[in-house]
Every structure is written in C-alpha cells, then in structure tokens.
Amino acid sequence: MGMIGKAGVPTASEILEPSSASLMRKRIFGHYGLMIGIGSLLVIFAIALLAPMLAPFDPLDQELSRKLIPPIWSGSAKATWVYPLGTDGLGRDYLSRLIYGSQISLLIGFSAMLISGVIGTTLGVLAGYFGGRVDMVVNFIITTRLSMPVVLVALAVVSLVGNSLWIVIWVLGLLIWDRFAVVVRSSTLQVRNLDYVAAAQAIGCSKMRIIFSEIMPNIMNNLIVVATVEMAHAIILEAALSFLGLGVQPPAPSWGLMISEGKGLMFFHPWLIGIPGAALFVLILAINLMGDGVRDVTAPENRN
Amino acid sequence: MENHILNVRNLTVDIPLPSGMLHAVQGLSFHVDRGETLAIVGESGCGKSLTSLAIMGLLPKKAIRTADLLELAGEDILNATESRMSDIRGSLMGMIFQEPMTSLNPAYTIGNQLIETMRRHRPVSVDEARDRAVFLLEKVGITAARSRLTQYPHQLSGGLRQRVMIAMTLMCGPDLIIADEPTTALDVTIQAQILLLLAELQKEFDMGLILITHDLGVVARVADRVAVMYAGQVVEEGSATQVFGRPTHPYTQGLLDCIPIPGKTERGKHLGSIPGIVPSLVGNLSGCRFADRCQHAMTDCSAADVGFRPASEVGHAYRCLLTPEQSAQNAAKLGAA
Amino acid sequence: MLIFAVKRLAVAILVAITVSLLTFSMIYLSGDPAMALAGESATQQDIENIRRVYGYDKPIVIQYINWLGNALVGDFGHSHYLKTDVASVIFTRLPVTMTLGAAALSFALLLAIPLGVLAAMRPNTLIDRIALTLAVIGQALPSFWFALIMIYWFGIVWGMLPITGSASWLNFVMPSVALGYYVTPAVMRLTRAGMLDVLSSDYIRTARAKGLRPVAVLFKHALRNAVIPVVSLAAVQFGFMLGGSIVIETIFAINGLGQLAWESIQRADLPMMQAIVLVLACFYIVLTFLADLLNAFLDPRIRVG
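Sequence order as written defines the numbering, with residues in each chain counted from 1. Written order decides the labels, with chains lettered from A and ligands numbered from 1. Local features in this predicted model are restricted to residues whose pLDDT is 70 or higher, and side-chain atom pairs enter the listing and the counts only when it is 80 or higher, whereas totals over whole chains, interfaces and linings include all residues. Remark: hydrogens and water are excluded; side-chain values derive from all non-hydrogen atoms of the structure.

Asker: So what about the overall build of chain C? Which residues, and what values?
Answerer: Secondary structure assignment for chain C yields 15 helices and zero strands. By its C-alpha atoms, chain C is 85 × 60 × 30 Å across when sized along the principal axes. With a 1.4 Å probe rolled over the protein chains alone, any residue whose accessible area is under 20% of its type maximum counts as buried; one over 50% counts as exposed, and the rest are partly exposed. Per-residue burial over chain C gives 52% buried out of 305 residues. Whether two residues touch is decided by their heavy atoms; if any such pair falls within 4.5 Å, the residues are in contact. Considering only contacts in chain C between residues 6 or more positions apart, those separated by 24 or more positions represent 72%. Numbering of helices and strands runs from the N terminus; a helix is a DSSP stretch of H or I covering at least four residues, while a strand is a stretch of E covering at least two.

Asker: Pulling in residues and values, what's your account of the overall build of chain B?
Answerer: Counting its regular elements, chain B contains twelve helices and 13 strands. The quantity called the radius of gyration is restricted to C-alpha atoms. Its globule counterpart is 2.2 Å times the number of residues to the power 0.38. In terms of overall size, chain B behaves like a compact globule, its C-alpha atoms giving a radius of gyration of 21 Å where 337 residues would be expected to give roughly 20 Å. Looking at chain B residue by residue over its 337 residues, the buried ones come to 55%. Look at the contacts in chain B between residues 6 or more apart in sequence, and 65% of them connect residues 24 or more apart. In short, Shrake-Rupley with a 1.4 Å probe defines the accessible areas, and a residue's cover is counted only from the protein chains shown. In the structure as shown, chain B presents an accessible area of about 14,100 Å², 54% of it carried by carbon and sulfur atoms. Working convention for charge: Lys and Arg count positive, Asp and Glu count negative, and His plus the chain ends are omitted. Positions of charges follow a simple convention, taking NZ of Lys, CZ of Arg, CG of Asp or CD of Glu. Each charge sign in chain B was given a centre, from 30 positive and 35 negative side chains, and these centres are 4 Å apart.

Asker: Please provide a residue-by-residue account of the packing of helix α8 (residues 173-180) of chain C against helix α12 (residues 228-252) of chain C, values included.
Answerer: Residues and elements named next belong to chain C. To obtain an axis, a line is fitted to C-alpha atoms, over the contacting stretch when the element is a helix, and the angle between two such axes runs from 0 to 180 degrees between their N-to-C directions. Packing of α8 against α12 leaves a shortest axis separation of 10 Å and a crossing angle of 140°. Classed by the angle they form, the pair α8 and α12 counts as oblique. You can see that α8 and α12 cross each other, and the crossing is right-handed. Contacts between α8 and α12 involve M174, P175, A178, L179 and G180 on the former and, on the latter, M241, G244, S245, I248 and F252. Its residues placed into classes, the contact of α8 with α12 shows seven nonpolar, three polar and no charged. Comment on the angle field: the value is read as roughly parallel under 35 degrees, roughly antiparallel over 145, roughly perpendicular from 65 to 115, and oblique elsewhere. Left-handed describes a crossing whose near helix is turned anticlockwise from the far helix by less than a right angle; the clockwise case is right-handed. Only Asp, Glu, Lys and Arg are considered charged in this grouping, and only Ala, Val, Leu, Ile, Met, Phe, Trp, Tyr, Cys and Pro are considered nonpolar; every other residue, Gly among them, is considered polar.

Asker: I'd like a rundown of the packing of aromatic side chains, residues and numbers included.
Answerer: All names here are of chain C. Working definition: rings of Phe, Tyr and Trp (its six-membered ring) pair if their centres are within 6.5 Å, and the pair is stacked with planes under 30 degrees apart, edge-to-face with planes over 60 apart, and tilted otherwise. Scanning the entire structure with this criterion turns up 16 aromatic pairs over all chains. Considering the side-chain rings of F24 and W67, the 5.7 Å spacing of their centres and the 40° angle between planes classify their relative orientation as tilted. Within this pair, whereas F24 is found in helix α1 (residues 2-25), its partner W67 is found in helix α4 (residues 60-72), the two being separated by 43 residues in sequence. Its relative accessible area of 6% is what places F24 among the buried residues. Relative to W67, the ring of Y64 lies with its centre 6.4 Å away and its plane at 35°, an arrangement referred to as tilted.

Asker: Please set out helix α11 (residues 207-243) of chain A residue by residue, giving values where relevant.
Answerer: All names here are of chain A. Expected span of a helix, by definition, is 1.5 Å for each gap between consecutive residues, and there is one gap fewer than residues. Its 37 residues give α11 an end-to-end C-alpha distance of only 46 Å, which falls more than 12% under 54 Å, the value for a rise of 1.5 Å per residue. A residue's bend is the angle separating two fitted axes: one through the seven residues that end there, the other through the seven that start there. Approximately 50° is the largest bend angle found in α11, and it occurs at M220. Just downstream of α11 lies G245, where phi reads positive at about 90°.

Asker: Would you mind going over the interface of chain C and chain A in detail, with residue names and values included?
Answerer: Listed per partner, the contact involves 43 residues of chain C and 42 residues of chain A. Summed over both partners, the accessible area (1.4 Å probe) lost when two parts come together is defined as the buried area. Approximately 3,800 Å² of surface area, both sides summed, lies buried where chain C meets chain A, with 81% of it carried by carbon and sulfur atoms. Counting the surface chain C buries against chain A, the share from its top three residues, C:F144, C:W145 and C:L148, is 16%. Throughout this description, the term salt bridge denotes a Lys or Arg side-chain nitrogen within 4 Å of a carboxyl oxygen of Asp or Glu. Taken together, the connections running from chain C to chain A amount to one salt bridge.

Asker: How would you summarise the domain arrangement of chain B if you had to cite specific residues and measurements?
Answerer: Residues and elements named next belong to chain B. Per the annotation, domain bounds derive from an automatic or database assignment of domains. Partitioning chain B into domains gives domain 1 (4-223) and domain 2 (248-336). Here domain 1 and domain 2 have C-alpha centroids that lie 30 Å from each other. Of the residues lining the interface, eleven residues belong to domain 1; the matching set on domain 2 comes to twelve residues. The junction of domain 1 with domain 2 conceals about 910 Å² of combined surface from both sides, 53% of it contributed by carbon and sulfur atoms. For the domain 1 face of the interface with domain 2, the top three residues by lost area are H23, E43 and L216, together amounting to 52%. Applying the counting criterion to the domain 1 and domain 2 interface returns one salt bridge. As a salt-bridge pair, R293 and E43 come within 3.6 Å of each other at their nearest N and O atoms.

Asker: Explain the interface of chain B and chain C residue by residue, including any values.
Answerer: Put simply, an interface is often sized by how much accessible area is lost when its parts join up. The interface of chain B with chain C comprises 30 residues on the first partner and 19 residues on the second. Between chain B and chain C, roughly 2,300 Å² of surface is buried when both sides are summed, and carbon and sulfur atoms account for 52% of that area. Three residues, B:P106, B:Y108 and B:E116, lead the burial of chain B against chain C; their summed loss comes to 22% of the area buried on that side. At the junction of chain B with chain C, the criterion picks out two salt bridges. Where C:K210 meets B:E116, a salt bridge forms, and the shortest distance between an N and an O atom there is 2.7 Å. Pairs of N or O atoms within 3.5 Å make up the polar contacts considered here, provided that, within protein, one atom can donate a hydrogen while the other can accept it, and that residues adjacent in sequence are counted only when both atoms are side-chain atoms. Linking chain B with chain C are 18 residue pairs in polar contact (both at pLDDT 80 or more).

Asker: Would you mind going over unusual backbone geometry in detail, with residue names and values included?
Answerer: A cis amide bond links A:P250 to the next residue, A:P251, at an omega of 5°. Mapped onto the secondary structure, A:P251 falls in the loop between α11 and α12 (255-263). Residues other than glycine seldom take positive phi values, yet B:E181 does so here, at roughly 45°. Tracing the sequence through the fold places B:E181 in the loop between β8 (176-180) and α7 (188-204). Its relative accessible area of 5% is what places B:E181 among the buried residues. The phi dihedral of C:A268 falls on the positive side, at around 55°, and the residue is not glycine. Topologically, C:A268 is positioned in the loop between α13 (257-266) and α14 (270-298).

Asker: Summarise the sheet that holds strand β3 (residues 37-41) of chain B; cite the residues concerned and give the values.
Answerer: All names here are of chain B. For two strands to count as paired, DSSP must find a minimum of two bridges between them. Strand order across the open sheet formed by eight strands is β7-β8-β9-β3-β10-β11-β13-β12, with mixed pairing between neighbours. Sheet topology places β7 (93-96) and β12 (309-310) at the edges, where each strand pairs with a single neighbour. Judged from the four bridges that link them, β3 and strand β10 (residues 225-230) form a sheet pairing that is parallel. Note on β10: the bridge partner recorded for A39 is V226. Helix α1 (residues 48-56) rests against β3, β7, β8, β9 (208-213) and β10 of the sheet, and its axis sits at about 150° to β7.

Asker: So what's going on with the nonpolar core? Residues and values would help.
Answerer: For soluble globular proteins, the rule of thumb is that nonpolar side chains tend to be buried together. Ranked by internal contacts, the top residues of the largest apolar core, which has 173 residues, are A:L155, C:I90, C:F144, C:I246, C:I251, C:F252 and C:I276. The dominant element in this core, judged by the number of residues it contributes, is α11(A), at 18 residues. With sequence-adjacent residues up to four places away left out, C:F252 is seen in contact with C:A147, C:I151, C:I163, C:T164, C:G165, C:M174, C:P175 and C:A178. By convention a nonpolar core is built from buried Ala, Val, Leu, Ile, Met, Phe, Trp, Tyr and Cys residues, the set being connected through side-chain atoms within 4.5 Å.

Asker: Quick one: what's the story with the packing of helix α7 (residues 150-161) of chain A against helix α8 (residues 165-175) of chain A, residue by residue and with numbers?
Answerer: Residue and element names in this part refer to chain A. Between α7 and α8, the shortest axis-to-axis distance is 10 Å and the interhelical angle comes to 145°. The two elements α7 and α8 meet at a crossing, and its hand is right-handed. Contacts between α7 and α8 pair V150, V153, A154, V157, V158 and V161 from the former with I167, V171 and L175 from the latter. The residue inventory of the contact of α7 with α8, partitioned by class, reads nine nonpolar, no polar and no charged.

Here it is, written out as structure tokens:
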C-alpha cells in the first residue's frame, strides 16, 4: 500500500515566524500587562529604597495636635499639602508611613519567597528527578503541608514563639513552599525525560551537574512565575497577620497594621483603611501582572 | 444529473492570516451519486479535510466559504441556517473522522452516544433507538453488541471505536457519509477491514460515500471515481480505472510512480519521487500550482491560471496545458524508466 | 476503583497522623507548656502541680499517645481558659463556619463557572477580557481589606446589610462574598482553560457532526469533561476557606470556629488551638479524599477498568 509522502508542507506558523530573538523582544514589549507590572514594581522598589529621602516626616513621629487630618482630595478645610495623605489617629504623617511601609512589604515578600523557594525547589527537583520512592515521600510531605491551615498555623506559631519581623518571615517562608514544590516537580519531570538530559546522562555527567546545568535553566520560567505568585501570597499573609495584631508590631508602619489601626476609625475617616489597602492592592497587582506576563511571554501555548 | 446526492460547484475556502489570505481550497467542483464512492486523494495540507468540513458546515469560525452551488439531495445547504444545518448533520449526512481514539466522548457510554444521535433527529423511544444501535453495531461487526452499549470508549480498541463511529453515522440512515482518513490512525491489518466494511455498508444502504485519504492503495480498491487534489485544487478527476489506468496530470503520474504495484513493479527497481515542496498558498496565486515541481513545465504554465479540461474519455478531466497525447507519452516514459 | 479508594484512604490516614504529630508538638514551641500555662507570677510549686495535673511530666511519646487516643474518641481535653470541654465548644461553633464556607464556595462557583464558560466560548472577545480582568483584580484584593470596604459601603454608607453577628442569612452575605471571591479567579481560569481544551477536542467536533444542538454540545459534552478538574480545585479551596475564615469571622464577629481560634490564640489556650488545627486539617484531608472519589466517579477512565 503506497502512501503519498507527507512532504515538508510548511505550516502557517512556520511561514509567519520571524527570528526567535526579535519575536521574543516583540512579545515582551508588546505585552502591556508585563510592562505595567514591571514598571510599577520598579517604582515601588525605588520608593522603598529612597524612603528616607522621599518621606517628608519620620513615620513614627506622633503629634496628637495634628491627628486625623484628612487627605487633600477630601475637600475638608483641615486638609493641607503639608500632609497630602493626611495623618492617622496618633498624628503621624500617613504619606511617610505609607512610603516606609513599602520597605516592610517588599522585605517580607521577597525574603519569605526566597526561603519557601529554596525549600520547595529542593523538594520538587528531588521528587521530579529521582522519582520513585523519593517522589512518594515528597508528595506525602506536600499533602501534609497542604492540610495544615496556613493562616491559623502561622498565627498560632507566632503567638507561641513571639513575634518579630524575622520570625514572621521565617514562619511564612516555612509554610508557603508547597506551590514551588508542586510546580518544580512537574516541570522537572517534563524536562528530565527530554533527550538532552538523557544525553548528558549518557556522557556521564554527575547528577548534581545535570540538575544545575541542564534542569534548572529549563524550569526557570516556571520558577519565576511561581516566585511572583508566592511573593504576592507572602505579602498578603503578612498584611493579614499584622491586621490581626500578630505580625509586624506597632509602631512599625506595616500596611496591614495601618489598616488594623484605622479600622476602629473607619466610620468617620475611611481613608485610614482606604489608602494602605490601595497600596497593598497596587503592589500585589503589579507582582501578579509581572508573573502572568512572564508566563504568557515564555510559554504562550500554556496560557489559560 | 438528478441522481446527484451531493453537488458542489466552485467551492472555495479562504483563511485570513496575519500575513495574507490562505487560499486553502479553490474552485472545487464535484458530485457524488447515490451508491457511489468518490475518493478525494492528496497530500497532507492539500485542502481535503477543509473540503469535508466545508460541506458539513463545520469550518473554523474565521474560515470563509464561498461556492456557486452546494446541494445535498436537492437542498441548498450553502445558504441554510445553522439550525437547519444541525438538523441535516447526523441525519442526512454523517462524518467519520481520522482519530477514533479521541472522537468519542470519554465521559459517556457508547450506548448513550449512539442513542443520543438518533433521538436528536428521529421521534423514537430510547428502546427503539437502542435496538437500532444494537442492529448497527452487529452490522459493523461488533460481537456481543448489546453488552457493549454500557462500555466506555476507553475500554475499546481503536478499531472497535472506529466501528462504533461508523455505526453512529448510520443511526439515522444518511444519504451521504464523509469519511476523512478513517483508517490512517489504525493498525495496517485493521485498515483493510474497516475500509471493506465501509464499502460494503455503502452498497447495502445505497448511500453516497466520500472517502478522503492519502492512501492510493485504499482508493484503488474501493473507489468508483477519484478526484486528485493538489494545493487546494482538483488536478484530475475521473473513474478509478481512468485515473489509475491512464493518469493524465503530471502530478497524478508522479504519485502513481511512487507506489509499487504487485506484478508490475520489478524487484530492485527504484520507486519514483516528486522533487520539491508544496507551494505556500498565502497571497495571490496564479498559474499552475504544480509548475515548480513539474518536469514538463513550460513558460506558459506560470503565466495564467490553467483550466480544467476533458481528457480523451468521457468523465475524465484534468488541469494541465499538455494534451492527452503528450501526457500519455510522458506516462509511457515514466513506466519504462 | 476499590483499589484506588483504599490506596487513597491509606495515604489520607497517614497524612492525618503526621498532622496530629505536628499539631501535638506545637505546645513545645513556646518552651515549657506548664510554665506558659502557670503564668508569670507562679511559683515553682505551682508549675510542678500543673505539670503533674496536665501530664506534662510523662515522656513525650506517652503524652502524644494519650492525647491522640483521646482525640480519636472526640476528647480534646479541657480548655485552660473556658474551663470546659474543648470538643463541645468546637462542635457548637463548627456548623457556623461550615455554613459560611458553603455559602462562600457556592458564591465562588456560581460566579466563576459561568464566567469561565462564557470566556471560553468567546475567547479574546470583550466578555473574555472582562472575565480575565476581574480575575486579575480579584487575585490582588486582600480579603480583609475587601471585607472592610464592603462594610463601609454596604453596611455604613448605604446601610443595606448588617455588619456583625450571625443572626440571619443577611449576616452571611458580606462574609461569604469576602471569603469566596478570592477563590473565584482560580476556579474561573481553570474552567476557562478546561473548556477551551475540551471545545477544541475531537469529540466535540463529533458531537457537532452528529447535529446535536449547541446547548447539548456545550452542557452535556463539553462542561461535563471540563468540570472534572474543577471539582478537585473546589474541594481544596473549600479547605483553604475554612482555614481562612479566621480573618473574616473576626472582622464580621461571626461566632464560628475561626473566631474561636482567634480568641484561643489570644488567650494562649493551647488545647483549644491544637484541637481546632487538628479538626480543620482532618476536615481538609477528608474533603480532598472525597474529591478524589468524586473525580474518579466523574471520569470513567478512572472508575471503570
């Protein structure tokens, strides 16, 4: 039985595809979400870095004579450009607290993400690369971790161990590595079965070498995407813990804590919760946009 | 002429792409009679599958279909509403796809999927539909048909699933069946069984059958008439005897030269091949589309569109500037080489 | 199917035991539990007494086995603070949290699944863009802040809904939305991705080639397959919601397990904290186990053969 050879028919996408580097550049710069996300993150990062220069007042400086000045857009007679975002119940400048608060959010988000990233990636690579029993054990650890309620355990542990910025960071880092492990495990599994990894094994590369020079670079895209998700997750959790009074302690200007402090006064001074909440929203939105953007740009076929 | 179950005149399918219009199917005209098998032959990407989807009205949304005439059993299906088309599909015409492994819904039993087809189009009870399903499953050679009804697709082999697909298209006794590469995904031993089954059923139920394939061996065995497609156009059409016995278009000749024929092809003799690749179908096209790969190409070939013209026998036509006599000489040379 | 169920059950039990071990060891996080319990003004004698009464003088393994054994028969010990049986307090609070969780999940699914289906049916159109934008915004809204914003507008400015308590179903509207919307983006994205996948599948083409009406194609053939992964996600998210209810219940003063947990943490009521963590974890384990069974039931490829 004769078949007509499936001759090299160029598919539509082959015809259309320009070189991959220029295509990548086009994809990155053409992706508004990614650009907006990275742009806003850079701005927030710069604000955190330059806080001492940007903040007009000491964020801890209390002055009861000037308490609860509304922000300038409120139209109130008390509003003044000296305190553009107003002052809180203890007379602290809200703009300065907001600026310094970005330091706390970024520090916690980034550090907790690093800790959980190291734990999760290690577990994930081990499970994905070695498979079999190692995989079973790692899966078991992941399932166990997932069954522990994060907020509750974090609150309980912080209440028992005592709270400081670094304890919060460590508790969060130790709790939210699960997504790293799950994603890294499955991407390692995929990469591991590719020909070039088999080739590296065949020429006798050591396991460590294969993991670090063959597998890690190829799961980087997925890792970056999870890192953004977990950084946002850590920032939200810190804000929630601080909101409940068991995260960062007063008088530090954590955004979650600012919302907590403003809660009792929100009926008449809603900006007290509106402003720090909006700042949290913008920061998390920026991180998520960047993560979604990286995913779209590096693997458009995986977009969902 | 009145016996035509399907009549297609000047069917065109265009797909807009960022780089221009892809002319996937151009100026296609053919007809299928009751009790007749028409084979549409061609390489992957020559537009055969889009042709079948165009007839079924199942083209992707962005594809643009135009035609002078598209008639099924005397009814205009070119301008039919989507709701009328869905009444026709599965009832007057059915389609069998290439991938039996994925063409059945994994979540439902085959009985459910068979009965649902009939109940959609005919006012029958579940029991009546079930009896019909059992009858047809036995017809397509499935043993213990009644107990198979409660099985899920994943419990059946590829060959069995394709038989179920065939039974499913027969549920409402259609006038026309379109089989798009129905055996390509199957084991070689199963392929022949399924094809013979299709041919048999087609005769028994007196339906029209369009068999789309790139497998010439298949065509030679079951087709009454053959249309050879190249780059979105029919380049040769005629009875199976005409096209296989006296191929007139250089592409058809090249194709047949690629196949070993038992008893004719000598041991150790090299099989032919067609040099070059299929042209891109994006943008404006003119001239003969095969010219770049044709050994007999002349300057006139690229100049203007080459029309379809009758060959020496009635019912045999081709799309080439060479006369039938010149073609016959070329064919003789190919055979001798 | 049976083998699958038994295997999953074994894993579930093992996970539950591990969680109980972790929960138990929580009391040693603060150092000597007896000292913590006795308070700062206690004498050495007081601490010794407490140690003996609560069994903290026994070897840790014995303590764990005793604790677990009691927990298995529903005895989580005595609350240091409330001076009552922990289990009875928990079981009066649990239904409130379950109601909240169920309402929140229903809200999330009722919003997310239709939106995901619509987005998948018309990919890259306005409705798709709106759905995706809502998802991105939803994921960036901290739930406690969103809760406060709702309280401000719906509770105070417009006075449409009660702010605190759990007296009537109206009390549950805002908390359910605050707890549920956070799940919406994930469910919506999964539904959309699943539907896109299924809608381009061969069997949907078959269903259309059979002449089935669009409604039958969409609901009988497409949604049924697309919804299978959503079931697992919904179960997992329901578990997370119960854990996350601590924040929402505190804000809306709902008398559920979350608020009890919050109060117990503030009172350093260890047996109560342990019991709540264990109950929620076990609930999550049971939930995911049931979701796996339901999954297998929905997908004949797992169920049969």
